[in-house]
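# Commentary on secondary and tertiary structure
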Amino acid sequence: MKEQLSNRVGCTDDMHEKINLMPKVELHVHLDTCLSFHYVKQANPSISFNEFASAFIAPEKCEDLGDFLKCIEPQLDILQTKMAISLAVNDLFEQLQNDNVIYVELRFAPLLHLRKGLKSAEVVEVVLDAMEQAKEKYAIEARLILCTLRHFTEQQSLETAQLVIDYQGSNVVALDLAADEARFTLSNHQAAFDYVRSYGGHVIAHAGEALGYESVLETLDKLKVSRIGHGVRSIESDEIIERLKLNKILLEVCPSCNITCNVFDSIQVHPVNELKKRGVRLNINTDARTVANTTLNQEYQLLHKVFNWTIDDFIQCNVHALEASFLNDIVREQLTNKIKNWL
């Protein structure tokens, strides 16, 4: 991969070690964007590291989000069998353990994994089964979010929504809307979100990344979500910021991914620090570990270096993440105490 970020951001040895060791929460990470070189090498023994980097890792600066999303296709090509999907879950949990993640809400779009004859329900069950095994193996609490995509039809979104309801008692906790908000509207997806909410299900959505603050406003009004994936363009509107604060809407912020997608020119001008200073609830995530070539430790190190975030800042973000999570109160309290009492 590219030069490891931990060697570039200039953390002191003590702070670097604390960041690596502290327990973390990741709410925004896609299964189909995180295949490691080790995993891909198992699937394709002839692939070299340079070939892997060229095919699976995005350029440091894509043209836009749509350009970035093209880099996911090689991973989807692999993830079309039960074995490949199951091994990918284990591969991701190993990465999460290396970041000392204690709770993850993993997400993916089941309808993208049907090219070789799998049914959407089979795909969900494979991931749930693999998650259960990985939770025990790596001692990481986990839940699953199912994604519909902006370019999907209304029927595809409703099919995904039905899966959320069908597996509501089996650690599937929410419906998400992902993919290219700049090129596709919400019109095909409102019925699916209404359906999940009518059964008491949770809904979240990507917004305010490729489009401006208007996208966040529209998503809050039409989809009635409790969290926003990214949402960083909210900084463009004082009204939106106040609304996020009033309703305690958490932003799932993915700094390096935003830079790679060309949402912002550099981390120095990324609004994550300003959003935090203005009282918006947020947490830090990787989004697409392989495509964006990052880890959660690296994201934390970057924010420490550029914005001087402290361990207390990261603890606060993780506590807010747990408060916005789809856990039951007992598990949420246990994990919150683990984070608050870590030092």
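Residues numbered from 1 in each chain as written. Predicted model: local features only at pLDDT ≥ 70, side-chain atom pairs only at ≥ 80, totals over all residues. Heavy atoms only, no water.

Looking at an unreviewed UniProt entry, the protein carries the name adenosine deaminase, with the source organism given as Providencia huaxiensis. The annotation that UniProt attaches to the protein under Cofactor (unreviewed entry) is "Zn(2+)". Of the comments in the UniProt record for the protein, the one headed Sequence similarities (unreviewed entry) reads "Belongs to the metallo-dependent hydrolases superfamily. Adenosine and AMP deaminases family." (UniProt positions renumbered as here; feature names shortened; annotations may be inferred.)

The subject of this paragraph is the UniProt feature "domain: Adenosine deaminase" (unreviewed entry) in the protein. Residues annotated by UniProt as "domain: Adenosine deaminase" (unreviewed entry) correspond here to residues 23-342. With 48% helix and 15% strand, the stretch residues 23-342 has end C-alpha atoms that lie 7 Å from each other. (Helix = DSSP H or I, 4+ residues; strand = E, 2+ residues; numbered from the N terminus.)

What follows covers the nonpolar core. Within the largest apolar cluster, 118 residues are counted, with the highest numbers of intra-cluster contacts made by Phe93 and Leu144. For Leu144, the residues in contact, after removing those within four places along its chain, are Leu106, Phe108, Val124, Val127, Leu128, Met131, Asn171, Val172, Val173 and Ala174. Of all hydrophobic cores here, the second largest spans 5 residues; its members include Ile145, Ala174, Ile204 and Phe326. (Core = buried A, V, L, I, M, F, W, Y, C linked by side-chain atoms within 4.5 Å. Buried < 20%, exposed > 50% of the residue type's maximum accessible area, 1.4 Å probe, protein only. Contact = heavy atoms within 4.5 Å.)

Here we take up helix 9 (residues 190-198). One full turn of an α-helix is made of 3.6 residues, so residues set three or four places apart face in the same direction. By the burial criterion, the buried members of helix 9 are Ala192, Phe193 and Val196. Each buried residue of helix 9 lies within a common arc of 95° when the element is viewed along its axis, so the set occupies one face. For helix 9, the elements touching its buried residues are strand 3 (141-149), helix 8 (154-166), strand 4 (172-178), strand 5 (202-203) and helix 10 (213-223). Downstream of helix 9 by one or two residues, Gly200 has phi in the positive range, about 80°. (Arc of directions from axis to C-beta.)

If you trace the 5 strands from one edge of the open sheet to the other, you get 1-2-3-4-5, paired in parallel fashion. The sheet terminates laterally at strand 1 (24-30) and strand 5, the two strands that pair on one side only. Both strand 3 and strand 4 contribute to a ladder of 6 bridges, which runs parallel. In the sheet register, Ile145 faces strand 4, and the bridge partner there is Ala174. Where helix 6 (residues 82-98) meets the sheet, it contacts strand 1, strand 2 (101-108) and strand 3, and its direction lies at approximately 145° from that of strand 2. (Pairing = 2+ DSSP bridges. Axes fitted to C-alpha atoms, helices over the stretch in contact; angles between N-to-C directions.)

Attention shifts here to helix 7 (residues 120-138). Over its 19 residues, helix 7 runs 27 Å from end to end, which matches the ideal 27 Å to within 8%, given 1.5 Å per residue. Here the buried face of helix 7 lies against helix 6, strand 2, strand 3, helix 8 and strand 4. Where helix 7 ends, the next residue or the one after it, Ala139, has phi of about 55°, a positive value. (Expected span 1.5 Å × (residues − 1).)

Here we come to the packing of helix 10 against helix 11 (residues 238-246). Interaxial distance between helix 10 and helix 11 falls to 10 Å at its minimum, and their mutual angle equals 40°. The pairing of helix 10 with helix 11 is recorded here as oblique in orientation. When the axes of helix 10 and helix 11 are compared, the crossing they make is left-handed. When helix 10 is examined against helix 11, the residues Tyr213, Val216, Leu217, Leu220 and Asp221 are found in contact with a partner set consisting of Ile240, Arg243 and Leu244. Of the residues contributing to the contact of helix 10 with helix 11, the split by class is 6 nonpolar, no polar and 2 charged. (Parallel < 35°, antiparallel > 145°, perpendicular 65-115°, else oblique. Left-handed = near helix turned anticlockwise from the far one by under 90°. Nonpolar A, V, L, I, M, F, W, Y, C, P; charged D, E, K, R; others polar.)

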